[in-house]
Amino acid sequence: MVSLALAVPLGLGVALAIDFVMVVVGRLLFGAALAGAFLSLYVARLELCDPPHRLGVTMVAGFFWIAGELLLPGLAVLCRDWRVLQGAVTMILALLAACWWSPVLLLESPRWLLATRQPERARKTLQALAEDSGHGSDDDSSCRHDSLLAELESVSEGSPQPRYHAVCEIFGTRVIWKNSVILGFAAFIGSGIRHCFTRNLAPHLPRFFSSYFVLVGTEAVACLFVCLTAERFGRRAVLLLCTVLTGISSLLLLALTQYLLDLIVLTLSVVGITASHAVTMLSIFFASEVLPTVVRGAGLGLVVGASFVGKAAAPITAIPNSHGFFLHHVVFASFAILAVLSIMLLPESQGRRLPQSLEDGESQRRPPLFHRPPREDHLPLLTPHAIPHDYSHLAASTKRVLGSPATPRET
């Protein structure tokens, strides 16, 4: 909410900027505010889903993101001027920020509230979720609802002060830090190596709109591929496959571009772009599942930041009269091979509960590649051993109030 509230005046400031420095500074702050809003919505959406629906809901949100990218050129054509376009985007953000009046649309994650010892706020959030889902209309559901609220009220009496965790605590861990570094490294490679492939599209797609729509189209294909395969074969196996495809395509183009037919070069470039999109989005999603709730937002911000650093490396290749493109390609192709080896060290999060505390994150272990751990579908909001200060008696009541195991709304 704070990010959206900051993005609106910053967006208006960019639209009304009077010089170049003001535009650059305003765009920098505006992008930072939008990144905060993106991370908050991403984490909140993930924590409100049970294991079977986490990937599907996240990928559906990804398709909405891609739809926005497809509509952006049309909006730019209608606006004609960049200031008008900036103002139109800011007005859309203002409408979204106005939704804070409706608590059902912008809810705080009850999982995070309970993990950080805020049972009173968790009670209000769960009450809003239960009322919005329609549970509680009959006498039996109403009785269960009242029972849960009474338990939360009893827990909140005399409870300790909320305990927040800083991102610096990740650096003092072993497993969490290892997972964060590997997934951040993979996201960095997926974003950074993409320009090595898009440069080969320039001779075939000289117009800006053609290349733009091809890039967005490959992103949609990658999102669909992840949605269809990651839930069936596991996050780690699919991430490994996409990284291998990215590395092989990059190495072939690096060594054999001048000897291959144009059609083969174009095909390898499209496959590499699609695979790199899949590596980036799956690395971010994978990180959101293996990072514990108490530091999920901060840790995910580091992974997303690493992907942005990879994108920032692309201008190096555009320096005239230099070997920046070749060096860029060699470095990222080598990094892709290194990432293939490091991904083998990750745990598997498919069908598993989200870790709540730092101790839960440290207890994650790496299973064999073709042996997935048993699924833990249809879990309550917090599993008993992950709820601090003896909140375990809330798990069953939370599960009853928010729905039966067959309903997708269960968290």
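Everything here concerns the structure above.
Residues numbered from 1 in each chain as written. Predicted model: local features only at pLDDT ≥ 70, side-chain atom pairs only at ≥ 80, totals over all residues. Heavy atoms only, no water.

In terms of regular secondary structure, the protein is built from 16 helices and zero strands. Expressed as a percentage of the 411 residues in the protein, the buried residues total 46%. Within the protein, contacts between residues at least 6 apart in sequence are counted, and of these 79% link residues at least 24 apart. Of the roughly 20100 Å² of accessible surface on the protein, a fraction of 69% belongs to carbon and sulfur atoms. (Helix = DSSP H or I, 4+ residues; strand = E, 2+ residues; numbered from the N terminus. Buried < 20%, exposed > 50% of the residue type's maximum accessible area, 1.4 Å probe, protein only. Contact = heavy atoms within 4.5 Å. Areas by Shrake-Rupley, 256 points an atom, 1.4 Å probe, with all protein chains shown as cover.)

Taken together, the side chains of Arg174, Lys178, Arg365 and Arg366 make up a positively charged region of the molecular surface. The topology assignment puts Lys178 in helix α8 (residues 175–192). A relative accessible area of 31% means that Lys178 is categorised as partly exposed. (Patch = residues over 30% accessible without salt bridge, like charges linked within 9 Å, V, L, I, M, F, W, Y side chains within 5 Å. Salt bridge = Lys/Arg side-chain N within 4 Å of Asp/Glu carboxyl O. Lys, Arg positive; Asp, Glu negative; His and termini not counted. Charge placed at Lys NZ, Arg CZ, Asp CG, Glu CD.)

Next up on the list: helix α2 (residues 20–47). With 28 residues, α2 should reach 40 Å at 1.5 Å per residue; the first-to-last C-alpha distance of 41 Å fits that figure. Among the residues making up α2, those that are buried are Gly26, Phe30, Ala33, Ala37, Leu39, Tyr42, Val43, Ala44, Leu46 and Glu47. Considering only its buried residues, α2 is in contact with α1 (2–15), α3 (51–79), α4 (82–97), α5 (110–115), α12 (262–290) and α13 (296–312). (Expected span 1.5 Å × (residues − 1).)

Here the focus is the packing of aromatic side chains. Throughout the structure, instances matching the rule amount to nine aromatic pairs. On the basis of an interplanar angle of 65 degrees and a centroid distance of 5.5 Å, the ring pair of Phe185 and Phe335 is categorised as edge-to-face. Here Phe335 lies in helix α14 (residues 324–343) and Phe185 lies in helix α8, a separation of 150 residues in the sequence. Cluster of aromatic residues (ring-pair linked, three or more members): Phe185, Phe188, Phe332 and Phe335. (Phe/Tyr/Trp six-rings, centres within 6.5 Å; stacked < 30°, edge-to-face > 60°.)

Turning our eyes to something else, we now look at the pattern of salt bridges. Applying the stated rule across the entire model yields five salt bridges. One salt bridge connects Arg296 with Glu47, and the closest N-O pair in it is separated by 2.6 Å. Linking Arg296 in helix α13 with Glu47 in helix α2, this pair joins segments that are 249 residues apart in sequence. Of the two residues examined, Arg296 and Glu47, each falls in the buried class. Between Arg235 and Glu289 there is a salt bridge, and its shortest N-O distance comes to 2.9 Å. Of this pair, Arg235 sits in helix α11 (residues 235–256) while Glu289 is found in helix α12, placing the two residues 54 residues apart along the sequence. Accessibility expressed as a relative area gives 0% for Arg235, which makes it buried. Each of the salt bridges in this network shares a partner with another, and the network as a whole consists of Arg54, Glu231, Arg235 and Glu289.

It is worth spelling out the nonpolar core at this point. Within the largest apolar cluster, 44 residues are counted, with the highest numbers of intra-cluster contacts made by Leu183, Val226, Leu239, Leu282, Leu300 and Leu346. No other element matches the nine residues that α12 contributes to this core. In this structure, Leu300 is in contact with Leu39, Tyr42, Val43, Ile284, Ala287, Ser288 and Leu291, ignoring residues within four places of it in sequence. Leu253, Ile273, Ala336 and Ala339 belong to the second largest nonpolar core, which has 15 residues in total. (Core = buried A, V, L, I, M, F, W, Y, C linked by side-chain atoms within 4.5 Å.)

The next thing to look at is a nonpolar patch on the surface. Together, Phe20, Val21, Val24, Val25 and Leu29 make up a nonpolar patch on the protein surface, roughly 490 Å² of accessible area in all. Structurally, Val25 is set in helix α2.

Where α11 meets α12, the axes come as close as 8 Å, and the angle between the chain directions of the two elements is 150 degrees. In this structure, α11 crosses over α12, and the sense of that crossing is left-handed. Classifying every residue of the contact of α11 with α12 gives 15 nonpolar, seven polar and three charged. (Axes fitted to C-alpha atoms, helices over the stretch in contact; angles between N-to-C directions. Left-handed = near helix turned anticlockwise from the far one by under 90°. Nonpolar A, V, L, I, M, F, W, Y, C, P; charged D, E, K, R; others polar.)

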